[in-house]
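The chain contents come next:
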Amino acid sequence: MSIAASVSGFLYRKPRLRLGMLLSAPLLWLGLAYLGALAALFVTAFWHTDTFTGQVVTEWSLDNFATLFTDEVYRTITFRTLGIAVAVTVIDAVIAFPMAFYMAKFASPRAQRILVIAVMTPLWASYLVKAYSWRVMLSGNGLAGWLFGTTPGYGLTATILTLSYLWLPYMILPIYAGLDRLPNSLVEASSDLGGRSWRTFRTVVLPLTFPAIVAGSIFTFSLTLGDYITVKIVGGANQMLGNVVYDNIGAANNLPFAATVATVPVVIMLVYLAAVRRTGALDNL
């Protein structure tokens, strides 16, 4: 018997070893490319830049974090970014739920496929094309002014509207999947027991689809926290954390402070995921 056949037979008898060997390369890549880059980010956040030479000084210091937490400008930007992320998540959830409910419970199988494709179609278009389209619509001579006689202009409202549109499919699809798994018999049983529409929604539908809403919120919340392009296009003079990171990498040439600011969205998401996990929602995804 050849060596190759012997090895093949041995691996066939060891399914766990075979699975580990198959996953070793992807896990190694994940560890080096993602976790390694994340570790480098946290390490760089404790360095500083020489104000005279502009070179990165690899000496450990908390000066960047002191500036981040004590400077009112950065505190304002942090709370603004967090507020925008919450607003976008809530708006998308309110819009997505009835759309997903119709798709899952009322639309025919053929209509479901068409609607899923319609929801996914905007994802095929360029991010910049969609963002600049909203810039045109929100301008003084744009579609919003023509339809409503007024426009919010460029600012926080425009940023929230644009980001809500951009991330809406990421909220619709998980909720649709969650509602599609919800047995119709539970809704019918609630109705047979005298439960009205609102009570059925509050006591049956919402608790069972909460994990799906959480899954969608992870996308919308995290993507908004890290965004910096939309606010540059429609945000006017406002800034988000992503803009601070971008500006310090580029014009300011202060990589350590950019890394320090970049840790804020990471920490916020870790706290958010920990809080969600305590509710048990992630266990049912």
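Predicted model only: the values in this text are computed from it and were never measured.

Colleague: So what's going on with the overall build of the protein chain? Which residues, and what values?
Modeller: Of the regular secondary structure elements, the protein chain holds 13 helices and two strands. Taken across its 285 residues, the protein chain has 35% of its residues classed as buried. Considering only residue pairs separated by 6 or more positions, the protein chain has 66% of its internal contacts joining residues 24 or more positions apart. Of the roughly 17,200 Å² of accessible surface on the protein chain, 67% is carried by carbon and sulfur atoms.

Colleague: Lay out the UniProt feature "transmembrane region" (unreviewed entry) in the protein chain with the relevant residues and their values.
Modeller: UniProt records the feature "transmembrane region" (unreviewed entry) at residues 21–47, 77–102, 114–134, 154–179, 200–221 and 255–275, using the numbering of this structure. Within the segment residues 77–102, helix and strand shares are 100% and 0% respectively, and the terminal C-alpha atoms sit 38 Å apart. With 100% helix and 0% strand, the stretch residues 255–275 has end C-alpha atoms that lie 31 Å from each other.

Colleague: Lay out the pattern of salt bridges in plain terms, naming residues and giving numbers.
Modeller: Going through the model one piece at a time under the given rule, you end up with one salt bridge. A salt bridge links K232 to D247; its shortest N-O distance comes to 3.9 Å. Residue K232 is found in helix α11 (residues 229–234), and its partner D247 is found in helix α12 (residues 241–249); the two are separated by 15 residues along the sequence. A relative accessible area of 25% places D247 in the partly exposed class.

Colleague: Before we move on, could you go through the side chain of T230 and cite the residues and values that matter?
Modeller: Structurally, T230 can be placed in helix α11. Given the relative accessible area of 0%, T230 is considered buried. In this structure, T230 is in contact with Y127, T159, T162, L163, L166 and G235, ignoring residues within four places of it in sequence.

Colleague: Could you give me a rundown of the confidence of the model for the protein chain, with the residues and numbers involved?
Modeller: Considering every residue of the protein chain, the mean pLDDT works out to 83; 87% of them sit at 70 or more. Per-element mean pLDDT across the protein chain ranges from 54 in helix α1 (residues 3–13) up to 93 in helix α4 (residues 72–105).

Colleague: Describe in detail the packing of aromatic side chains, supporting the description with residues and values.
Modeller: Counted by the stated rule, this structure contains twelve aromatic pairs. Summarising the aromatic geometry, the rings of F46 and F65 are spaced 5.0 Å apart at their centres and angled 40° between planes, so their arrangement reads as tilted. Linking F46 in the loop between α2 (15–44) and β1 (48–49) with F65 in helix α3 (residues 63–70), this pair joins segments that are 19 residues apart in sequence. Judged by relative accessible area, which is 25%, F46 ranks as partly exposed. Taking relative accessible area as the criterion, F65 reaches 16% and is therefore assigned buried. Aromatic ring contacts, followed pair by pair, group F46, W60, F65 and F69 into a single cluster.

About the cut-offs
Residues numbered from 1 in each chain as written. Predicted model: local features only at pLDDT ≥ 70, side-chain atom pairs only at ≥ 80, totals over all residues. Heavy atoms only, no water. Helix = DSSP H or I, 4+ residues; strand = E, 2+ residues; numbered from the N terminus. Buried < 20%, exposed > 50% of the residue type's maximum accessible area, 1.4 Å probe, protein only. Contact = heavy atoms within 4.5 Å. Areas by Shrake-Rupley, 256 points an atom, 1.4 Å probe, with all protein chains shown as cover. UniProt positions renumbered as here; feature names shortened; annotations may be inferred. Salt bridge = Lys/Arg side-chain N within 4 Å of Asp/Glu carboxyl O. pLDDT = per-residue confidence, 0-100. Phe/Tyr/Trp six-rings, centres within 6.5 Å; stacked < 30°, edge-to-face > 60°.

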